[in-house]
Amino acid sequence: MSDERPTSESAEDALEKAHGNEVRATDADAWATACAEDLAAEKARRRAQYGPPPGSAGEELRKFFDTVTDRLSGLQSPLLGAVAGGAAQQMVNQVVQQAKAAVEPVIERNPDFFDHLAAAGNELLAAYRSAVESQERRWTQDRPPNRPDEDSGPGEHIDLD
């Protein structure tokens, strides 16, 4: 080993490199911490404003069945009378429970099934909207009425006024 001491320039460079890496690591941690805090604050604000975010489609379906069951159990039918109303209510509850029992295993085995089904439904709705909007645009364009002397095809112009 040599007893040479590093020159002052190389020592300062090493110190700056070491200090610079510490500062960058600290800055990166501070940035990540600030981002995490901002994200948590934004999530809390949204939860306060809009309520809890929706769960998966399967969870929402379970909530739906529970809500329907609760609503139907509290529903009283004055038109059917006391005897018939009780039997009808029991029959409706049984139908809801059977539907829930049929869907529950599907939710358990394939939790993503209803998410994909919901996404497919959204895509179909978007396609339908696109088709309807383009058709509406064609119907509502301002065009001069057909004149009888113009050849617009085999049809005949009928004035409805």
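Residues numbered from 1 in each chain as written. Predicted model: local features only at pLDDT ≥ 70, side-chain atom pairs only at ≥ 80, totals over all residues. Heavy atoms only, no water.

Go over the overall build of the chain, please, and point to the residues and values.
Assigned secondary structure in the chain consists of four helices and zero strands. The buried share among the 161 residues of the chain stands at 6%. Of the contacts made within the chain by residues no fewer than 6 positions apart, 55% connect residues no fewer than 24 positions apart. Accessible surface, the chain as shown: approximately 14,200 Å² in total, 57% of it carbon and sulfur. (Helix = DSSP H or I, 4+ residues; strand = E, 2+ residues; numbered from the N terminus. Buried < 20%, exposed > 50% of the residue type's maximum accessible area, 1.4 Å probe, protein only. Contact = heavy atoms within 4.5 Å. Areas by Shrake-Rupley, 256 points an atom, 1.4 Å probe, with all protein chains shown as cover.)

Break down the nonpolar core for me, citing the residues and quoting the values.
By size, the foremost hydrophobic cluster in this structure holds five residues: Phe-65, Val-96, Val-103, Ile-107 and Phe-114. Sequence-distant contacts of Phe-65, that is, excluding residues within four places in its chain, are made with Val-96, Ala-99, Lys-100 and Val-103. (Core = buried A, V, L, I, M, F, W, Y, C linked by side-chain atoms within 4.5 Å.)

Tell me about the confidence of the model for the chain, and please be specific about residues and values.
For the chain, mean pLDDT is 75; residues scoring 70 or higher make up 66% of the total. Helix H4 (residues 113-140) holds the highest mean pLDDT among the elements of the chain, 89, whereas helix H1 (residues 8-50) holds the lowest, 73. (pLDDT = per-residue confidence, 0-100.)

Describe the pattern of salt bridges, with residues and values.
Enumeration according to the criterion identifies six salt bridges in this entry. Between Glu-42 and Arg-46 there is a salt bridge, and its shortest N-O distance comes to 3.0 Å. Highlighted residues: Glu-42 and Arg-46, both in helix H1, separated by four residues, approximately one helical turn. Residue class for Arg-46 comes out partly exposed when judged on its relative accessible area of 45%. Via salt bridges that share partners, Glu-42, Arg-45 and Arg-46 belong to a single interconnected network. (Salt bridge = Lys/Arg side-chain N within 4 Å of Asp/Glu carboxyl O.)

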